[in-house]
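Secondary and tertiary structure notes
Given next are the chains, with one letter for each unit.
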Amino acid sequence: MRVDRIRGEMSRSGMNQSDLARAIGSTQGAVQQILNGSTQRSRLLPEIARALGVSVPYLLGESDDNMPESDPAYRDESALLADSRIAQVTEVDIKYAMGGGTFVGDHVEERLVVFDAGWLRRITSTPASRLFIATGAGDSMFPTLLDNDQLLIDRNKAVVDEQERIWAINYGELSMIKRIRRLPANRLLIMSDNQQIADFEAAADEVHVLGRVVWIGRSA
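Residues numbered from 1 in each chain as written. Predicted model: local features only at pLDDT ≥ 70, side-chain atom pairs only at ≥ 80, totals over all residues. Heavy atoms only, no water.

Bringing the pairing of strand S7 (residues 174-183) into the picture now. Where strand S6 (residues 165-171) lies against S7, seven bridges are found, and the strand directions are antiparallel. Within S7, the position partnered with Asn-170 by the bridge is Ser-175. Remark: two residues form the turn of the hairpin made by S6 and S7, two consecutive strands paired antiparallel; Gly-172 in that turn has positive phi of roughly 65 degrees. Sheet topology note: the S7/strand S8 (residues 187-191) ladder contains five bridges and is antiparallel. When the bridges of S8 are listed, Ile-180 appears paired with Ile-190. As consecutive antiparallel partners, S7 and S8 are separated by three residues, and within that stretch Ala-185 has a phi angle of approximately 60 degrees, a positive value. (Pairing = 2+ DSSP bridges. Helix = DSSP H or I, 4+ residues; strand = E, 2+ residues; numbered from the N terminus.)

Axis separation between helix H2 (residues 17-24) and helix H4 (residues 45-52) bottoms out at 9 Å; the angle between their running directions is 110 degrees. With respect to each other, H2 and H4 are oriented roughly perpendicular. H2 and H4 meet at a crossing whose hand is right-handed. For the pair H2 and H4, the contacting residues are Leu-20, Ala-23 and Ile-24 in the first and Glu-47, Ile-48, Ala-51 and Leu-52 in the second. Broken down by class, the residue content of the contact of H2 with H4 amounts to six nonpolar, no polar and one charged. (Axes fitted to C-alpha atoms, helices over the stretch in contact; angles between N-to-C directions. Parallel < 35°, antiparallel > 145°, perpendicular 65-115°, else oblique. Left-handed = near helix turned anticlockwise from the far one by under 90°. Contact = heavy atoms within 4.5 Å. Nonpolar A, V, L, I, M, F, W, Y, C, P; charged D, E, K, R; others polar.)

This prediction gives the protein chain a mean pLDDT of 82; 84% of its residues lie at or above 70. The weakest mean pLDDT in the protein chain belongs to helix H6 (residues 77-82) at 46; the strongest belongs to S8 at 96. Low pLDDT, under 50, characterises residues 69-83; the predicted model gives this stretch 22 contacts beyond four residues in sequence or across chains. (pLDDT = per-residue confidence, 0-100.)

Moving on: the pattern of salt bridges. Taken as a whole and judged by the stated rule, the model has twelve salt bridges. A salt bridge links Arg-5 to Asp-64; the shortest N-O distance between them is 2.8 Å. Placement of Arg-5 in helix H1 (residues 3-13) and of Asp-64 in the loop between helix H5 (56-60) and H6 is noted, with a sequence separation of 59 residues between them. The class for Asp-64 is exposed, based on a relative accessible area of 66%. Residues Glu-9 and Arg-12 are paired through a salt bridge, measuring 2.7 Å at the closest nitrogen-oxygen approach. Within this pair, Glu-9 and its partner Arg-12 are both found in helix H1, separated by three residues, close to a single helical turn. (Salt bridge = Lys/Arg side-chain N within 4 Å of Asp/Glu carboxyl O. Buried < 20%, exposed > 50% of the residue type's maximum accessible area, 1.4 Å probe, protein only.)

A few words on the nonpolar core. Residues Ile-6, Leu-20, Ile-48, Leu-52 and Leu-59 are the most contacted members of the largest nonpolar core, which totals 20 residues. Secondary structure elements with two or more residues in this core: H1, H2, helix H3 (28-35), H4 and H5. In this view, Leu-52 contacts Ile-6, Glu-9, Met-10, Arg-12, Ser-13, Met-15 and Leu-20; residues no more than four positions away in its chain are not counted. If you look at the next biggest cluster of nonpolar residues, it comprises 13 residues, including Leu-145, Leu-151, Ala-168 and Val-213. (Core = buried A, V, L, I, M, F, W, Y, C linked by side-chain atoms within 4.5 Å.)

Turning our attention to the side chain of Thr-90. Residue placement: Thr-90 occurs in strand S1 (residues 86-97). Here Thr-90 falls in the buried class, since its relative accessible area comes to 8%. For Thr-90, the residues in contact, after removing those within four places along its chain, are Arg-43, Glu-110, Arg-111, Leu-112, Leu-131, Phe-132 and Ile-133.

Right, let's talk about the side chain of Glu-47 for a bit. Structurally, Glu-47 is set in helix H4. Setting aside anything within four residues of it in sequence, one finds Glu-47 in contact with Ile-24, Ser-129, Arg-130 and Arg-155.

Here we take up unusual backbone geometry. Glycine aside, residues mostly have negative phi, and peptide bonds are mostly found in the trans state. Omega for the bond connecting Phe-142 with Pro-143 falls within 30 degrees of zero, at 10 degrees, which places this linkage in the cis form. With respect to the element layout, Pro-143 can be found in the loop between strand S4 (131-137) and strand S5 (150-154). You will see that Glu-164, though not glycine, has its phi angle at about 60 degrees, which is positive. If you trace the backbone, Glu-164 turns up in the loop between S5 and S6. According to the relative accessible area criterion, Glu-164 is partly exposed, its value standing at 33%. Positive phi, close to 60 degrees, is recorded for Asn-186, a residue that is not glycine. Within the secondary structure layout, Asn-186 lies in the loop between S7 and S8. Here Asn-186 falls in the partly exposed class, since its relative accessible area comes to 46%.

Given below as structure tokens:
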């Protein structure tokens, strides 16, 4: 991956790290990791190419043609899924705390997990590239969620527009899975299903919503 090209296109577009993070529906920390060269090939690369108006091969250094029209990554993914029996979803090696919160480190391992495309479409209409899998840790969401449950998170649902759903969030430098209720005065109530864990309020602009939990996987 050509980090220099990403930086150059950001400069040409007048984008800083926060601007790019908002444009691709991710965090500034994830963008910083890419720009530092910590990730050789990121699942966010198609979104970065779209935001910068260039092609994925150009950012990978595989082509000097930066025009996105010829880039297959710009094809309609829903059509691709309709023609295939499988869908690949990125699993991130982060344990989202169902408790006080998990510290978000600089380096996150990723791998692709294969799902039946038909089954995935019954869960959500969101393209697989906008989904990710993470692991829940702790007991603050008990009995709804258990320690080490696998969580499918929909990044297209990054605005709390449904009351008391379960969301993956970053609050400060902590990652957590919580139920959220929107309150007046642009505030959020961050709730745990475990009645022994106290709820707390936060200003909406202090909470970065990564996505909504749309499926829970549990080992027998």
